[in-house]
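The lines below spell out each chain.
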Amino acid sequence: MASAIGIDLGTSNSCVAIARRGRVEVLANRWDEPITASVVHFAAGGEVAVGNQAKTQAIHDPDRTVTAAKRLMGRYFFSEEVKKAKAICSYKIVEGPNHSVRVKVGDQAYAVPEISALVLREMKEVAEQRLGHPVTQAVITVPAYFNDNQRQATRDAGRIAGLEVLRLLNEPTAAALAYGFGKGLTQRVAVYDLGGGTFDISILEIGSDVFEVLSTCGDTYLGGEDFDDRVIDLLAERFQAQHKVNLRKDRFALERLKAAAETAKKALSMDEAATIRIENVVQDAAGTPLHLEHTLSRSEFAALVGDLVQRTFKVCDEALQQANLTVRDLDGVILVGGPTRLPLVHDAVAQYFQREPKTDVDPDQVVAMGAAIHAAALVGEEQETHLLDVTPLSLRIGVAGGLAETIIERNTPVPIEQTSVFTTFKDFQQSVRIRVYQGESRRADENELLGEFEFSGFKNARRGEVRIEVTFEIDTDGIVNVTAREPETGQAASTRIHLSSGLSEDEIKSLIDRHQPSAPPVVPPLSAAAALVESVVERAEASAPPTATNEVADAASAGDASEEEAALQAMAAAEAEFDAADFERDPAPLDGPADAEFDLDLTTDVSGGSLDTPGGAGEIELDEADLDSLAALSADEVAGGPVGDEPAEGTTMRRSRSDDEMFGAPGSDLSIFGDAEDDEI
Amino acid sequence: MATATAEIRALAAILDELDYYRVLEVDVRAPVSEIRAAYHRAGRRFHPDGHRDLAPDLRPDLTRIAKRVTEAYSVLRDPRRRRVYDQQLTANAERVRMPLADASAEADRQSRERREGRTPNGRRYFMLAQADLARGDRVAAERNLRTALTFEPDNANFKELLAGLRGKR
Ligand SMILES: Nc1ncnc2c1ncn2[C@@H]1O[C@H](COP(=O)(O)OP(=O)(O)O)[C@@H](O)[C@H]1O
Ligand SMILES: [Mg+2]
């Protein structure tokens, strides 16, 4: 039987589900947990563990435990997000080829999709164990606000995990599907999804079999972990004031602080206050053990994270505005994600949306359930559901002057295709470089660069005589394709815009091979409790790293807390010197993209730029006379040198005027940016 | 609901001749609610998620139709874009497609013109009136608005603003 699963690959937690015989089931792991921590522990002995058991290793073995890898997916090494992650992660984040990110564990460097692949493979195995047969097909969810780079990285991860990724589905859309499926509703709902590391809001119109996303907005760096971070800051500051020791500098202390902060935060979902006690968190200069103790009240916590919660509503404002709606136009709000269990968040959401949020869906499982429903529909085991989604970010093309012109606006439904016509900027120009961005800024460098490609081999002609059609396509997964064509010669260049720092096809293939399980993964279904216990024991032993960590595991199994502490201390002491040196050796973060590769020439494109910048800081009011004189500028004059500027050295193409008569709008000469060296090719 | 192979083939063959109304099979006067309903209907018939049994050689056709459907919807659901598109169709019934970015830029331009004037002088005096108002000088604002109206006697926004100023006096 072909069965396709749905996987919610979360920053903190992942969940797998299947829809069959008209029912949706979440498949629990062998510890009977419906959700599995998205944490990977690489034991020194080579054993890899994924899940909660790996998460507990973060405390003992921080530099071999990778948490929240999703925050790094599809990111450039120099990005703000990676800098932030470097500041708070205790594992090593290093630079790979082409500004990519690698996670370094011991002397092995892992690509980020490789880490996510390990989590995905674990979820695949959880499903296989429960179902008793192999699983090869899956729908994987992504935050709606993920850009193309992040989506491609997720697809790559799926492939490395040995899965055929049927579809990438936006998490809020999946949640809405699980909520509305089979209910025959006609409603307009908001899905408020606050996870471990990302926030998404989508506004949907749901019908019996059609789910239309009206708008989506988000923040790919805002979630429950940021709440933890605020608590950690508070605790560390107080500790510093009290004992003059900076806990943030001690990796082991920091990991324990992290765990304690998260536990306390979760406790506040139920209780008015939470007491945090960490015995023996560090030793002072004299070797005396120091303890940390603090009682965190709900109001103190609210003061710590209030601004983060408010930030989500700024995003909600935007989403409503994009959908042309107000909160009164909505029929309901659905909560997704762990932090929405906090009364603080729940109440703020209720207040913002002026209604009680729906509580009939489990905020941790609803996304995987939606993915499962759609997976089953795609393979024909469930009734078809039609998900009409949108692209979260505007798709842009780099043009002269360091600008990026919009081709497809955000919140445009997908799949979509747009073709724009450009022409060369110089006589006998040999090639053009096409750079594609996603984002909401007119300035190219404030957007995410998706990739670039060079188009050459068109006819040899004077400037303006070559027509180049560039076609931009966004598919139903939100993945971008760009092709260029010269209609006259039929010469075509086609490329899937691939993240410059992403994995190449060859790299993916070799990773697939590397992670291929040696034995077929078919396992009998888990049923007997005995088998369950046995496997728990097996796993615990297998994954306990040799050397010092064994002591910890032993102590823990003996249930003796003080012994465990002692072992930890010993381990910390033994490794301290080495660790400190190791940390220093971490390469310094780049300040930004290397000039040569990414910086755009600042050539001012007078005719196009100033006209198209509504409300921009330097907007020039042009009257009819100005427009006419601009229109009168011949192509040669424009090409020869924009008024008041150096000749456009790096400028290689300009927007064709073929559409001008349609609008009677002169001055739409926008130039595509290209490197000077292109001309010599 | 599976769409018949023949239907996909036939539609793909004539797709480039259909205007957005025909793509969505709606009347040119259809209200937005009908446009949306038509989009949902088309979604059921042509969304690439359906049709898993479709012959592989028909996939590109299906995708092309689906993309055109979303394009049509993107224009027709947006009153400003739709207005620009209707003008285009009236001028030249053969031009059945319109680039989305240009359509919104053009719609922006038109709405700015409606607000701020379409002639250089009309716009200039309107701007002067705005500046007067910002300073609180109603008399000067009224004078400048009247001047603006001599260049664009039919500008509704100018008239409204002037009427407002007179009413307050
Ligand atoms: N009961 C709870 N109260 C508050 N926060 C919680 C609770 N349960 C989980 N969380 C937090 O939710 C976050 C994980 O949410 P989740 O929706 O699983 O994220 P993701 O989908 O990004 O993996 C973590 O920061 C976790 O601490
Ligand atoms: Mg989630």
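Residues numbered from 1 in each chain as written. Chains lettered and ligands numbered in written order. Predicted model: local features only at pLDDT ≥ 70, side-chain atom pairs only at ≥ 80, totals over all residues. Heavy atoms only, no water.

Structural notes on the overall build of chain B
Here is step 1 of the chain: Of regular secondary structure, chain B possesses nine helices and zero strands.
Here is step 2 of the chain: Projecting the C-alpha coordinates of chain B onto the three principal axes gives extents of approximately 75 × 30 × 25 Å.
Here is step 3 of the chain: With 169 residues in all, chain B has 48% of them scored as buried.
Here is step 4 of the chain: Looking at chain B alone, contacts between residues at least 24 apart form 57% of all its contacts between residues at least 6 apart.
Here is step 5 of the chain: Accessible surface for chain B amounts to roughly 8600 Å². Of this, 53% is attributable to carbon and sulfur atoms.
Here is step 6 of the chain: Here chain B carries 34 positive and 26 negative side-chain charges, and the mean point of each set is 6 Å from the other. (Helix = DSSP H or I, 4+ residues; strand = E, 2+ residues; numbered from the N terminus. Buried < 20%, exposed > 50% of the residue type's maximum accessible area, 1.4 Å probe, protein only. Contact = heavy atoms within 4.5 Å. Areas by Shrake-Rupley, 256 points an atom, 1.4 Å probe, with all protein chains shown as cover. Lys, Arg positive; Asp, Glu negative; His and termini not counted. Charge placed at Lys NZ, Arg CZ, Asp CG, Glu CD.)

Concerning the overall build of chain A
Here is step 1 of the chain: From N to C terminus, chain A includes 19 helices and 29 strands.
Here is step 2 of the chain: Here the contacts in chain A between residues at least 6 apart in sequence split such that 69% fall between residues at least 24 apart.
Here is step 3 of the chain: When the accessible surface of chain A is split by element, carbon and sulfur atoms take 49% of a total near 26600 Å².

Describing the site of ligand 1
All names here are of chain A.
Here is step 1 of the chain: Near ligand 1 lie 18 residues; those nearest to it are Ser12, Asn13, Glu262, Lys265 and Ser269.
Here is step 2 of the chain: Separating an oxygen atom of ligand 1 from a side-chain N or O atom of Lys265 is a distance of 2.6 Å.
Here is step 3 of the chain: Within the contact set of ligand 1, an oxygen atom lies 3.4 Å away from a backbone nitrogen or oxygen of Pro339.
Here is step 4 of the chain: Protein chains shield 90% of the accessible area of ligand 1, which is 580 Å² for the free molecule.
Here is step 5 of the chain: Looking at the shell around ligand 1, the elements with two or more residues in it are α6 (224–243) and α7 (251–267).
Here is step 6 of the chain: Among the elements that line the shell around ligand 1, the one with the most residues is α7, at three residues.
Here is step 7 of the chain: If you count residues domain by domain, the shell around ligand 1 takes at least three from each of domain 1 (3–223 + 306–388) and domain 2 (224–305). (Near = heavy atom within 4 Å. Polar contact = N/O pair within 3.5 Å; in protein donor to acceptor, adjacent residues only side chain to side chain. Domains from an automatic or database assignment.)

Some points on the side chain of A:Thr198
Here is step 1 of the chain: Along the polypeptide, A:Thr198 turns up in the loop between β13 (187–194) and β14 (199–206).
Here is step 2 of the chain: Each residue touching A:Thr198, except ones within four places of it in the same chain, is listed here: A:Thr11, A:Pro143, A:Asp193, A:Asp219, A:Thr220, A:Leu222 and A:Gly223.

Observations concerning the side chain of A:His41
Here is step 1 of the chain: Mapped onto the elements of the fold, A:His41 is located in strand β5 (residues 40–42).
Here is step 2 of the chain: A polar contact is formed between the side chain of A:His41 and the side chain of A:Asp61, at a distance of 2.8 Å.

Points about the environment of A:Gly6
Residues and elements named next belong to chain A.
Here is step 1 of the chain: Position of Gly6 relative to the elements: it lies in strand β1 (residues 4–9).
Here is step 2 of the chain: Classification of Gly6 by relative accessible area gives buried; the value is 0%.
Here is step 3 of the chain: Placed 268 residues apart in sequence, Gly6 and Ala274 show a C-alpha to C-alpha distance of 36 Å.
Here is step 4 of the chain: Apart from residues lying up to four places away in sequence, Gly6 is in contact with Cys15, Val16, Ala17, Val139, Ala368, Ala371 and Ala372.

With respect to the nonpolar core
Here is step 1 of the chain: Counting 60 residues, the largest nonpolar core has A:Ile434, A:Phe472, B:Leu24, B:Leu76 and B:Tyr85 as its most contacted members.
Here is step 2 of the chain: Of all the elements, helix α4 (residues 59–76) of chain B adds the most residues to this core, at seven residues.
Here is step 3 of the chain: Ignoring sequence-local partners within four residues, the contact set of A:Ile434 consists of A:Ile397, A:Gly451, A:Glu452, A:Phe453, A:Phe455, A:Val470 and A:Ala484.
Here is step 4 of the chain: In terms of nonpolar packing, the next biggest core, distinct from the first, is built from 55 residues, A:Val231, A:Ile232, A:Leu254 and A:Ala261 among them. (Core = buried A, V, L, I, M, F, W, Y, C linked by side-chain atoms within 4.5 Å.)

Observations regarding the packing of helix α1 (residues 5–14) of chain B against α4(B)
Residues and elements named next belong to chain B.
Here is step 1 of the chain: Interhelical geometry of α1 versus α4 gives an angle of 60° and a closest axis separation of 9 Å. Here α1 lies oblique to α4, going by the angle between them. Handedness of the crossing formed by α1 with α4: left-handed. Within the contact between the two elements, α1 uses Ile8, Leu11 and Ala12 and α4 uses Asp61, Leu62, Arg64 and Ile65.
Here is step 2 of the chain: By residue class, the composition of the contact of α1 with α4 is five nonpolar, no polar and two charged. (Axes fitted to C-alpha atoms, helices over the stretch in contact; angles between N-to-C directions. Parallel < 35°, antiparallel > 145°, perpendicular 65-115°, else oblique. Left-handed = near helix turned anticlockwise from the far one by under 90°. Nonpolar A, V, L, I, M, F, W, Y, C, P; charged D, E, K, R; others polar.)

Thoughts on the packing of helix α5 (residues 79–91) of chain B against helix α6 (residues 100–116) of chain B
All names here are of chain B.
Here is step 1 of the chain: Contact pair α5 / α6: the axes reach a minimum separation of 8 Å and the direction vectors enclose 100°. Classified by the interaxial angle, the pair formed by α5 and α6 is roughly perpendicular. Residues Arg80, Arg81, Arg83, Val84 and Gln87 of α5 form the contact with α6, whose participating residues are Leu100, Ala103, Ser104, Glu106, Ala107, Asp108, Gln110, Ser111 and Arg114.
Here is step 2 of the chain: The class makeup of the residues in the contact of α5 with α6 is four nonpolar, four polar and six charged.

Let's talk about unusual backbone geometry
Residues and elements named next belong to chain A.
Here is step 1 of the chain: The peptide bond linking Val414 to Pro415 adopts the cis configuration, its omega dihedral lying at 0°.
Here is step 2 of the chain: With respect to the secondary-structure elements, Pro415 resides in the loop between β21 (403–408) and β22 (416–424).
Here is step 3 of the chain: Unusually for a residue other than glycine, His99 sits at a positive phi of about 65°.
Here is step 4 of the chain: Looking at the element boundaries, His99 is found in the loop between β8 (92–95) and β9 (101–105).

Focus on the sheet that holds β5(A)
The strands making up a sheet associate through backbone hydrogen bonding, with each pair oriented either parallel or antiparallel.
Residues and elements named next belong to chain A.
Here is step 1 of the chain: Read across the sheet, three strands follow the order β6-β5-β7 without closing on themselves; strand pairing throughout is antiparallel. The two strands at the open ends of the sheet, each matched to only one other strand, are β6 (48–50) and β7 (65–66).
Here is step 2 of the chain: In this fold helix α1 (residues 52–60) packs onto β5, β6 and β7, with an angle of close to 110° to the strand it touches most, β6.
Here is step 3 of the chain: Its contacts with the sheet put helix α3 (residues 112–131) on β5, β6 and β7, and the angle it makes with β5 is roughly 110°. (Pairing = 2+ DSSP bridges.)

As for the pairing of β8(A)
Here is step 1 of the chain: Bridge analysis of β8(A) against β9(A) gives four bridges, and the strand direction is antiparallel. The residue bridging A:Lys92 from the neighbouring strand is A:Lys104, located in β9(A).

Quick look at the confidence of the model for chain A
Here is step 1 of the chain: Confidence in the prediction of chain A, expressed as mean pLDDT, is 77, and 74% of residues score 70 or more.
Here is step 2 of the chain: Counting interchain partners and residues more than four positions distant, the pLDDT-below-50 stretch residues 519–681 of chain A has 286 contacts. (pLDDT = per-residue confidence, 0-100.)

Notes on helix α7 (residues 120–135) of chain B
Given 3.6 residues to a turn, an α-helix orients residues that are three or four positions apart in the same direction.
Residue and element names in this part refer to chain B.
Here is step 1 of the chain: Between its terminal C-alpha atoms α7 stretches 23 Å, which fits the 22 Å expected from 16 residues at 1.5 Å a residue.
Here is step 2 of the chain: Restricting attention to buried positions, one finds in α7 the residues Gly122, Arg123, Phe126, Ala129 and Asp132.
Here is step 3 of the chain: Two residues or fewer after α7 comes Gly136, characterised by a positive phi angle close to 90°. (Expected span 1.5 Å × (residues − 1).)

Considering the environment of B:Glu113
All names here are of chain B.
Here is step 1 of the chain: Locating Glu113 in the fold gives a position in helix α6.
Here is step 2 of the chain: With relative accessibility at 22%, the residue Glu113 sits in the partly exposed group.
Here is step 3 of the chain: The sequence separation of Glu113 and Asn155 amounts to 42 residues, and the corresponding C-alpha distance is 9.4 Å.
Here is step 4 of the chain: Setting aside its immediate chain neighbours within four residues, Glu113 contacts Arg118 and Asn155.

Comments concerning the interface of chain B and chain A
Here is step 1 of the chain: Between chain B and chain A, the residue contacts involve 41 residues of the former and 41 residues of the latter.
Here is step 2 of the chain: Across the chain B to chain A interface the summed buried area is about 3400 Å²; carbon plus sulfur atoms make up 47%.
Here is step 3 of the chain: Put simply, chain B and chain A have seven salt bridges between them.
Here is step 4 of the chain: B:Lys67 serves as the salt-bridge partner of A:Glu417, at 2.5 Å between the closest nitrogen and oxygen.
Here is step 5 of the chain: Where chain B packs against chain A, one counts 13 residue pairs in polar contact (both at pLDDT 80 or more). (Buried area = accessible area lost by both parts, 1.4 Å probe. Salt bridge = Lys/Arg side-chain N within 4 Å of Asp/Glu carboxyl O.)

Let's talk about the sheet that holds β9(A)
Residue and element names in this part refer to chain A.
Here is step 1 of the chain: On the basis of which strands lie adjacent, the open sheet formed by three strands has the order β8-β9-β10 and antiparallel pairing. Each edge of the open sheet carries a strand with a single partner, namely β8 and β10 (108–111). In this sheet, adjacent strand axes meet at a mean angle of 40° when their direction is disregarded.
Here is step 2 of the chain: Packed on one face of the sheet, α3 meets β9 and β10 and runs near 80° to β10.

With respect to the packing of aromatic side chains
Residues and elements named next belong to chain A.
Here is step 1 of the chain: Enumeration over the complete set of coordinates arrives at twelve aromatic pairs over all chains.
Here is step 2 of the chain: Ring centres 4.4 Å apart and planes at 25° place the aromatic pair Phe42 and Tyr110 in the stacked group. Taken as a pair, Phe42 in strand β5 and Tyr110 in strand β10 lie far apart in primary sequence, 68 residues in all. No difference in accessibility class separates Phe42 from Tyr110, as the two residues are buried.
Here is step 3 of the chain: With a centroid separation of 6.2 Å and 65° between ring planes, the pair formed by Phe227 and Phe301 is classed as edge-to-face. Within this pair, whereas Phe227 is found in helix α6, its partner Phe301 is found in helix α8 (residues 298–322), the two being separated by 74 residues in sequence.
Here is step 4 of the chain: On the basis of relative accessible area, Phe227 is assigned to the buried category, the value being 1%.
Here is step 5 of the chain: Given a relative accessible area of 2%, Phe301 falls into the buried group.
Here is step 6 of the chain: Cluster of aromatic residues (ring-pair linked, three or more members): Tyr192, Phe199, Phe313, Tyr352 and Phe353.
Here is step 7 of the chain: The ring of Tyr179 has Lys183 sitting right over it, with the charged end atom 4.0 Å from the ring centre. (Phe/Tyr/Trp six-rings, centres within 6.5 Å; stacked < 30°, edge-to-face > 60°. Lys NZ or Arg CZ within 6 Å of the ring centre and 35° of its normal.)

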